[in-house]
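Spelled out from the first residue to the last, the chains are:
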Amino acid sequence: MGKSSWDEQEEAFFGSSSFNTGRRKESNPRQEGEKKKHAMDKISGAVHALKAGVRQLSNPTAWTPSYPAAATSQRPHFVPPTTATTVKPSSKNSAVAKRPSPNNKLPFSSWSDIANRVIQNCSSVVPICVACGTIAPHRYQYHPFFPKEIACVTHTNIGKCNSCGRFEPLESYFSSSYNALFVDLEDKQRKVCSACFRSVILDSQDISLLWTSIVKFLDEELLLFADVPVKRQMENIPILIVGHDGLNDPSVRGSGHGVGATRGLCMYEYRYHPLGGHLKQYLDITRRSTSTSTNRASAALSSVLNVVSKGLTSSNITAILCLKGLPRDLAGSILAHEATHAWFKLHPSYDPTKPTMPAQVEEGCCQLVAYLYLTHLQQYYRDDSAPDYGSDGQPTDKKLRQYFRYCIETDTSEVYGEGFRLAAAAFAKVGNASALLEHVAINGSFPIL
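Residues numbered from 1 in each chain as written. Predicted model: local features only at pLDDT ≥ 70, side-chain atom pairs only at ≥ 80, totals over all residues. Heavy atoms only, no water.

Participant: Looking at this model, I keep getting lost on the overall build of the protein. Mind explaining?
Facilitator: Counting its regular elements, the protein contains 14 helices and twelve strands. Taken over 449 residues, the protein has a buried fraction of 39%. A separation threshold of at least 6 residues defines the contact pool for the protein, and within that pool the share at least 24 residues apart is 63%. Carbon and sulfur atoms provide 54% of the accessible area of the protein, an area that totals close to 25900 Å². (Helix = DSSP H or I, 4+ residues; strand = E, 2+ residues; numbered from the N terminus. Buried < 20%, exposed > 50% of the residue type's maximum accessible area, 1.4 Å probe, protein only. Contact = heavy atoms within 4.5 Å. Areas by Shrake-Rupley, 256 points an atom, 1.4 Å probe, with all protein chains shown as cover.)

This is how it looks when you write it as structure tokens:
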């Protein structure tokens, strides 16, 4: 039986073999599965061998070049590949051993980079465990935002970045910046990946500079100080960076940020003298039960006592705490959240004697301001066309900001998540953050849409 054109093309490409000559046999699912498994095992072995070669090439002192047997006595000491050295033979019949010239062969770092790029290209086609390098694991866990972040389900105690949640590679799999080990913050076993570590905030001096930009954002972008002159008070708030235990101490009270482990805290205190409040309440009752002329006098006196009572009642922000070891943009969004708490407490309409604002309303507004801050950074840097991953294979700052916004959008908690969605709906309707927050500060609720 003659070969078809398809068989001829197969033979030309793959070479002559038993499976592409003559009539094509019916495929057996079991055999096909075994072939696929065998192919995947070969790919996995090739990649592991490639990685082993990369590790060996990345350590020049452990590499020994091979020379012909006749030139054994003339083997030179190892010379780095930045210089070319030629060993002259002792006789004309001896073989010539030459050190590889950089003009002919790539340096070790280039080979390592090429190998890692091959691994990265493989991961875009076939899922690879970022922890151990297993190709196409049968069962794996994955990151909901970073599609390449998958890990075998057998890694039950796998480390994660404290900021972006990406998986930490095992030490045995560490070979380059593509799968670099995480940085230990020495704070309750918290670690950060190399992408988040690029702009990590570790001391109060850095966080103070960031706080200045947050106050500027509230003033110039959101116009929160146009009708509420508390900018000077906001600028003078002490900003401290603390560890995990300092934020999650039960004795520390304030308006916190974060479900579970707290990442930010606004600490405040207020002073209240009951004299003004009791007199004002008495005059309000009297005014409703007396004549019009008497009401006018009571209203005037009540307004005076109202000023006196506000002088006797004051709210003060003692400090704002932020968790150390967070990347700059994430720390900035947390400070924007806590700054909104401070703005509510310093607002002239804030009265500690009245029922407190519902947590869902206040936290929703704070999350909205944090989200607007991250959006402002995206517009400020104008990096919409920038790549999501850098040349080192790590997420760029643009990609991380997108993830931080994604966390706010997809939060499922009743207070923070649903509160943000209600605040965002109100903001879309009102179209002005200053007007929205002013209404919430006075009325303690979102405007009726």
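Participant: Hey, could you run me through the nonpolar core in this one?
Facilitator: Nonpolar side chains in soluble globular proteins tend to end up buried together. Trp211, Leu218, Met234, Ile320, Leu335 and Trp343 are the most contacted members of the largest nonpolar core, which totals 72 residues. When near neighbours in sequence (up to four residues on either side) are disregarded, tryptophan 343 contacts Leu224, Phe225, Val228, Val230, Met234, Leu437, Glu438 and Ala441. If you look at the next biggest cluster of nonpolar residues, it comprises seven residues, including Val130, Ala131, Ala151 and Ile158. (Core = buried A, V, L, I, M, F, W, Y, C linked by side-chain atoms within 4.5 Å.)

Participant: Would you mind going over the state of the cysteines with me for this structure?
Facilitator: A covalent bond bridging the sulfur atoms of two cysteines is what the word disulfide describes. Enumeration according to the criterion identifies zero disulfides in this entry. With no disulfide of its own, cysteine 129 has cysteine 132 as its nearest cysteine by sulfur position, at a separation of 3.6 Å. (Disulfide = S-S within 2.5 Å.)

Participant: Quick question: what am I supposed to make of the pattern of salt bridges here?
Facilitator: One side chain can pair with another of opposite charge once the charged atoms of both are near each other. By the definition in use, this model includes twelve salt bridges. Ionic pairing is found between aspartate 388 and lysine 398, a salt bridge with its closest N-O pair at 3.4 Å. A residue pair is termed long-range when its members are at least 10 positions apart, and aspartate 388 in the loop between α11 (359-381) and α12 (397-409) and lysine 398 in helix α12 qualify at ten residues. Looking at lysine 398, the relative accessible area reads 8%, which means it is buried. Each of Asp388, Lys398 and Lys399 takes part in one network of salt bridges that share partners. (Salt bridge = Lys/Arg side-chain N within 4 Å of Asp/Glu carboxyl O.)

Participant: How should the packing of aromatic side chains be read in this particular structure?
Facilitator: Where two aromatic rings form a pair, the distance of their centres and the angle of their planes describe that pair. Summed over the entire model, instances satisfying the criterion amount to ten aromatic pairs. When the ring of phenylalanine 145 is compared with that of tyrosine 406, the centres are 5.2 Å apart and the planes differ by 45 degrees; the resulting orientation is tilted. One end of the pair, phenylalanine 145, is in the loop between β3 (140-142) and β4 (150-152); the other, tyrosine 406, is in helix α12, with 261 residues separating them in the sequence. Sitting over the ring of tyrosine 268, lysine 345 keeps its end group 4.8 Å from the ring centre. (Phe/Tyr/Trp six-rings, centres within 6.5 Å; stacked < 30°, edge-to-face > 60°. Lys NZ or Arg CZ within 6 Å of the ring centre and 35° of its normal.)

Participant: I tried to follow α12 on my own but got confused; where do I start?
Facilitator: Structurally, the α-helix is built with 3.6 residues per turn, so residues lying three or four positions apart point the same way. The terminal C-alpha atoms of α12 lie 18 Å apart, and with 13 residues this matches the ideal 18 Å at 1.5 Å per residue to within 8%. Within α12, burial applies to Lys398, Lys399, Leu400, Arg401, Tyr403, Phe404, Arg405 and Ile408. (Expected span 1.5 Å × (residues − 1).)

Participant: Teacher, can you tell me more about the environment of isoleucine 214 here?
Facilitator: On the secondary structure map, isoleucine 214 appears in helix α5 (residues 204-220). In contact with isoleucine 214, other than residues within four places in its own chain, are Gly332, Leu335, Ala336, Ala339 and Tyr373.

Participant: How do you make sense of the side chain of glutamate 363 when you look at a structure like this?
Facilitator: Along the chain, glutamate 363 turns up in helix α11. At a separation of 3.0 Å, a polar atom in the side chain of glutamate 363 contacts the side chain of histidine 337. Of the polar contacts made by the side chain of glutamate 363, one reaches the side chain of histidine 341; its length is 3.3 Å. (Polar contact = N/O pair within 3.5 Å; in protein donor to acceptor, adjacent residues only side chain to side chain.)

Participant: Even after reading the chapter, I still don't get the confidence of the model for the protein, so can you show me in this structure?
Facilitator: Regions with low pLDDT carry predicted coordinates that are not meant to be interpreted in detail. In this model, the protein carries a mean pLDDT of 75, and residues with pLDDT of at least 70 account for 58%. Contacts from residues 12-25, a stretch scored under 50 in pLDDT, to residues over four places away or in other chains number 14 contacts. Low pLDDT, under 50, characterises residues 60-106; the predicted model gives this stretch 41 contacts beyond four residues in sequence or across chains. (pLDDT = per-residue confidence, 0-100.)

Participant: Would you mind going over unusual backbone geometry with me for this structure?
Facilitator: For residues besides glycine, phi is generally negative; the peptide bonds are generally trans as well. The phi angle at lysine 188 is positive, at roughly 55 degrees, despite the residue not being glycine. Mapped onto the elements, lysine 188 comes out in the loop between β5 (183-184) and β6 (191-192). Backbone geometry at glutamine 189 places phi at a positive 60 degrees, although glycine is not the residue there. For glutamine 189, the position within the fold is in the loop between β5 and β6.

Participant: Hey, could you run me through the packing of α5 against α11 in this one?
Facilitator: The description of two packed helices rests on the angle between their axes and on the distance between the axes. One can describe the packing of α5 onto α11 by two numbers: an axis separation of 11 Å at closest approach and a directional angle of 100 degrees. Classified by the angle between their axes, α5 and α11 sit roughly perpendicular to one another. Across from Leu210, Ser213, Ile214, Phe217 and Leu218 in α5, the residues of α11 making contact are Val369, Leu372, Tyr373 and His376. Of the residues assigned to the contact of α5 with α11, the class counts are seven nonpolar, two polar and no charged. (Axes fitted to C-alpha atoms, helices over the stretch in contact; angles between N-to-C directions. Parallel < 35°, antiparallel > 145°, perpendicular 65-115°, else oblique. Nonpolar A, V, L, I, M, F, W, Y, C, P; charged D, E, K, R; others polar.)

Participant: Explain the side chain of arginine 166 here, please?
Facilitator: Following the sequence through the fold, arginine 166 ends up in the loop between β4 and β5. Looking at arginine 166, its side chain comes within polar contact range of the side chain of glutamate 149, at 3.4 Å. In terms of polar contacts, arginine 166 uses its side chain to reach the side chain of glutamine 394, at 3.0 Å. Ignoring sequence-local partners within four residues, the contact set of arginine 166 consists of His143, Phe146, Glu149, Gly159, Lys160, Cys161, Phe182, Cys193, Ala195, Gln394 and Pro395.

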